[in-house]
Amino acid sequence: MAEEKSEGQRLEERLLMRPKNIGEIDETLLDEAKVFCEGYKKFLSYKTEREVVENVVPLLKKKGYGEFQLGRMYAAGEKFYMNNRDKALVMVTLGRRPVADGLRIGVSHIDSPRLDLKPNPLFEETDMAYLKTHYYGGIKKYQWAAIPLSLHGVISLADGKSVKVRLGEDEWDPVFCVTDLLPHLAMNQMKKPASDAIEGEQLNILVGCWPFKDDAVSGKVKLNIMNLLFEKYKITEKDFLSAELCAVPAFKPVDVGLDRSMIGAYGQDDSACAFASLMAETDCEEPEFTTVTVFADKEETGSDGNTGMRSFFFRDFLEDFVSAYGLQARHVLKRSFCLSCDVNAAIDPAFGDVFEKSNCSFLNRGPVVSKYTGSRGKYSTNDASAETMGFIRKVLDDAGIPWQVGELGKVDIGGGGTIASDISLHNLDTVDIGVPVLSMHSPFEVTSKTDVYLLYKAVHAFYCCLKERN
Ligand code: MN
Ligand code: MN
C-alpha cells in the first residue's frame, strides 16, 4: 500500500513546478515523435531557403493550396500561398470566423548559417583551385574546416535563363572542403583565440588540383575547373558575378544516440520550427481563426533584404489579402496573435557556466517559450507581455502539451535576437517558441525528436484552438 503523502509533499505538488523529461510524462509521445521525425529528416535535406520553397510549394499544391489571388474573398477552409521570389513563403488557411476577428500567425525562418561564395570566387594557388567565400550568419569559423561541404544555389546566365546547382548531396557526387592545418605545424595557430584559429579569408573551398593539359596557358588547374563547370552547367567565369552559390555541410540528417532519441543535422535552426509549423498549417482543415504561416529568409543576417521579415512584403501581402474583405491590415493585426518560431539554446553540461539553470531550456522537456531574447539590458527584443505569456500558457496547458520556458543563457554572457522584434513592429502580440538545440549554428546541430514533435503539437493547438484573447 502506498504511504500517505506528508503535508509538505502535498504542498510541494500544489505549489511548486516540477519539470520533467517527456519520457516520464507519456511514453507514447516518444514513439509518435520517432514517426513524425522521419518526415522531418526529409525536410532537413532541403538545405537552403530556395530548396525549401522549391520543395514545399508542390507539397502545398497537393494539399489543396492555390496561388494567392488578389481581390478574392476566400471561404472557410480554403487554402492558398504566396511565394516571394522563391525564397520566402506565406501559407494561409481560412478560418470559420471573419478575418476581422484576427489571425493566428506562425513565423519561422528557412535560411541557416553557411559559406556564401564571393562574386568572383575561383582562384588557383600552388597548383590547387579554390572558391573564395564570405560567411553568412553567425558561425564559429573553425567548425567549417575539414568537413565535407556541398554546393547549392542558382546562377543567372547572360541570356536571362538560370541554372540550379546542387552538388555534393547525391551518393556519387564529389564533395568539397576547407582545409585545416596539421597539429604538427599548428603551434602558433593553437595559441590564437578560437575566433582567429581559422580566419574569414582562409575559408576557401578546395575544388580541384588536376591541370588542363596545355603548356601554352598558365593557371591550368583553374582553367580545368572552369572547363568542367562549362561542360556541366554551360557557365563561364563571368557567370559567377550573377550567382547565389553557397557551401553547406554535406552531412545527411541522422539519428543520434543508442535510443535514437535525437537528430543530428545541419540547418535545424530553423528547419525544426519551419517543419513543425508547416505540418501544423497543412493539418488544419477548417480552423476557428484564419492561420498564416510564414517562412522567412535572411534571419541569420538580421532580416534585412526584400525576402526578410524587415521587408514590407509580409505587411503588403496582408494588406492585399484583408482588403478583399473591406479591412485594413493594421486593424486585423491588432487583433491577431503571432508565434515567432525559432530555436533556443539547450543547456549543455560541457558548457554549464553560461546557462542559468532555472531559466534555460533542457533537451526533451518540450518546446521552449521565451518571453524575451536580445542581450544586455533586454536590448533588441520583443519582450512579451504578461497577458501574451498568459495566452500561450493557456493554449498549451489546455491542449495538454508539456512545455518549458527559457532564456538564451545567463545575463550579460552574450545574447541573440529573433524575428519577434521585427514582427512586433506591426503592433502584433508575439512570443517566441521553439526547439532547444545543442551545438546551435554548427555544421551538425542536435535536437530531441520529442521536442520537434511537441512543437508541432503546440503550433497546431495554437492554430486550431478556439480560445479568445482577453
Ligand atoms: Mn533561428
Ligand atoms: Mn540562428
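In case you missed it, the structure is sitting above this.
The sections below set out a description of the structure shown in this document. (Residues numbered from 1 in each chain as written. Chains lettered and ligands numbered in written order. Predicted model: local features only at pLDDT ≥ 70, side-chain atom pairs only at ≥ 80, totals over all residues. Heavy atoms only, no water.)

## Focus on the overall build of the protein
Along its length, the protein carries 13 helices and 23 strands. Taking 470 residues into account, the globule formula puts the C-alpha radius of gyration at 23 Å, and the protein, at 24 Å, falls close to it. Referenced to the eigenvectors of the C-alpha coordinate spread, the extents of the protein come out at roughly 85 × 60 × 40 Å. Evaluated residue by residue, the protein yields a buried proportion of 50% over its 470 residues. Considering only residue pairs separated by 6 or more positions, the protein has 75% of its internal contacts joining residues 24 or more positions apart. (Helix = DSSP H or I, 4+ residues; strand = E, 2+ residues; numbered from the N terminus. Rg over C-alpha atoms; globule rule 2.2 N^0.38 Å. Buried < 20%, exposed > 50% of the residue type's maximum accessible area, 1.4 Å probe, protein only. Contact = heavy atoms within 4.5 Å.)

## A word on the nonpolar core
By size, the foremost hydrophobic cluster in this structure holds 58 residues, and its most contacted members are Phe43, Leu89, Phe295 and Leu339. Among the elements that take part in this core, helix H13 (residues 449-464) stands out by supplying ten residues, more than any other. Non-local contacts of Phe295, meaning those with residues more than four positions away in its chain, are made with Phe43, Val52, Val56, Ala88, Leu89, Met91, Ser108, Ile110, Ala274, Ser277 and Leu278. One finds Ala145, Ile147, Met226 and Val248 within the second-largest nonpolar core, a separate group that totals 34 residues. (Core = buried A, V, L, I, M, F, W, Y, C linked by side-chain atoms within 4.5 Å.)

## Observations concerning H13
Two residues of an α-helix separated by three or four positions point the same way, owing to the 3.6 residues in each turn. In this model, H13 (16 residues) spans 23 Å end to end at C-alpha, consistent with the 22 Å of a helix rising 1.5 Å per residue. By the criterion of burial, H13 is predominantly enclosed, with 13 of the 16 residues buried. (Expected span 1.5 Å × (residues − 1).)

## Some words on helix H11 (residues 386-398)
With 13 residues, H11 should cover 18 Å at 1.5 Å per step; its first-to-last C-alpha distance of 18 Å lies within 8% of that length. Inspection of H11 places Thr388, Met389, Phe391, Ile392, Val395 and Leu396 among the buried residues, and these make up the whole buried set. Down the axis of H11, the buried set is contained in an arc of 160°. They therefore lie on one face. Across from the buried face of H11, at angles greater than 90 degrees, the exposed residues are Ala386, Glu387 and Arg393. On its buried side, H11 packs onto strand E4 (103-109), strand E15 (337-341), strand E17 (368-370), strand E19 (404-405), strand E21 (429-434) and H13. Phi for Gly400, located one or two positions after H11, is positive at around 70°. (Arc of directions from axis to C-beta.)

## Considerations on the coordination of the manganese ion (ligand 2)
Here the manganese ion (ligand 2) is held by Asp269 (OD), Glu300 (OE), Glu300 (OE) and His441 (NE2), and the distances to it run 2.0 to 2.6 Å. Sequence positions of the residues that donate to the manganese ion (ligand 2) give the spacing D-x30-E-x140-H. The two metals, the manganese ion (ligand 2) and the manganese ion (ligand 1), are separated by 3.3 Å and share Asp269 as a common coordinating residue. In this pair, Asp269 is assigned in helix H8 (residues 268-283) and His441 in the loop between strand E22 (436-437) and strand E23 (445-448), connecting sequence segments 172 residues apart. (Donors = N, O, S within 2.8 Å, 3.2 Å for Na, K, Ca; no water.)

## Observations concerning the pairing of strand E5 (residues 114-125)
Relative to strand E6 (residues 128-136), E5 is paired through eight bridges, and the arrangement is antiparallel. Across the sheet, the residue bridging to Phe123 is Tyr130, located in E6. In this structure, the hairpin formed by E5 and E6 is closed by a connection of two residues, where Thr126 is found at a positive phi of approximately 45°. By the bridge criterion, two bridges tie E5 to strand E11 (residues 243-249) in an arrangement that is antiparallel. Pairing of Asp116 across the sheet is with Cys246, part of E11. (Pairing = 2+ DSSP bridges.)

## Things to note about the packing of aromatic side chains
As enumerated under the stated definition, the model contains 22 aromatic pairs in all. Between Phe68 and Tyr74, the ring centres sit 6.5 Å apart and the planes meet at 25°, which makes this aromatic pair stacked. The same class applies to Phe68 as to Tyr74, namely buried. Between the aromatic rings of Trp144 and Tyr266, the centroid separation amounts to 6.3 Å while the plane-to-plane angle is 90°, which identifies the pairing as edge-to-face. Residue Trp144 is located in the loop between E6 and strand E7 (149-156), and its partner Tyr266 is located in the loop between strand E13 (262-265) and H8; the two are separated by 122 residues in the primary sequence. (Phe/Tyr/Trp six-rings, centres within 6.5 Å; stacked < 30°, edge-to-face > 60°.)

## With respect to the pairing of strand E3 (residues 88-93)
Counting buried residues along E3, six of its six residues qualify, which places the element largely inside the surrounding structure. By the bridge criterion, six bridges tie strand E2 (residues 79-84) to E3 in an arrangement that is antiparallel. Following the sheet pairing, Asn84 is matched in E3 by Ala88. Taking the residues between adjacent antiparallel strands as the criterion, E2 and E3 are bridged by three residues, where Arg85 takes a positive phi near 60°. Where E3 lies against strand E14 (residues 290-296), five bridges are found, and the strand directions are antiparallel. Residue pairing for E14: Val92 is matched across the bridge by Val292.

## Observations regarding the coordination of the manganese ion (ligand 1)
Within the protein, the manganese ion (ligand 1) binds to His109 (NE2), Asp269 (OD), Asp342 (OD) and Asp342 (OD); these donor distances fall in the range 2.1 to 2.6 Å. Sequence spacing of the donor residues for the manganese ion (ligand 1), all on one chain, is H-x159-D-x72-D. For Asp269, a relative accessible area of 3% puts it in the buried group.

## With respect to the packing of H8 against H13
Between H8 and H13, the shortest axis-to-axis distance is 8 Å and the interhelical angle comes to 40°. By the angle between their directions, the pair H8 and H13 is classed as oblique. The handedness of the crossing between H8 and H13 comes out as right-handed. Note on element contacts: H13 touches H8 through Val452, Leu455, Tyr456, Val459, His460 and Tyr463, opposite Ala272, Cys273, Ala276, Ser277, Met279, Ala280, Glu281 and Asp283. Grouping the amino acids of the contact of H8 with H13 by side-chain chemistry returns ten nonpolar, two polar and two charged. (Axes fitted to C-alpha atoms, helices over the stretch in contact; angles between N-to-C directions. Parallel < 35°, antiparallel > 145°, perpendicular 65-115°, else oblique. Left-handed = near helix turned anticlockwise from the far one by under 90°. Nonpolar A, V, L, I, M, F, W, Y, C, P; charged D, E, K, R; others polar.)

## Quick word on the sheet that holds E11
Adjacent strands of a sheet pair through backbone hydrogen bonds, lying either parallel or antiparallel. Taken together, seven strands build an open sheet; the order of strands is E8-E7-E11-E5-E6-E10-E9 and the sheet is antiparallel. This sheet does not close on itself; its edge strands, each paired only once, are strand E8 (162-167) and strand E9 (177-178). Strand contacts of helix H7 (residues 220-233): E5, E6, E8 and strand E10 (204-208), with the helix running at about 130° to E5, the strand carrying the most contacts.

## Focus: unusual backbone geometry
Of note, the amide linkage connecting Asp269 to Asp270 takes the cis form, showing an omega dihedral of 15°. Along the chain, the position of Asp270 falls in helix H8. One non-glycine residue, Asn427, lies in positive phi territory at about 55°. On the secondary structure map, Asn427 appears in the loop between helix H12 (420-424) and E21. The phi dihedral of Ser439 falls on the positive side, at around 55°, and the residue is not glycine. Ser439 sits in the partly exposed class, given a relative accessible area of 41%.

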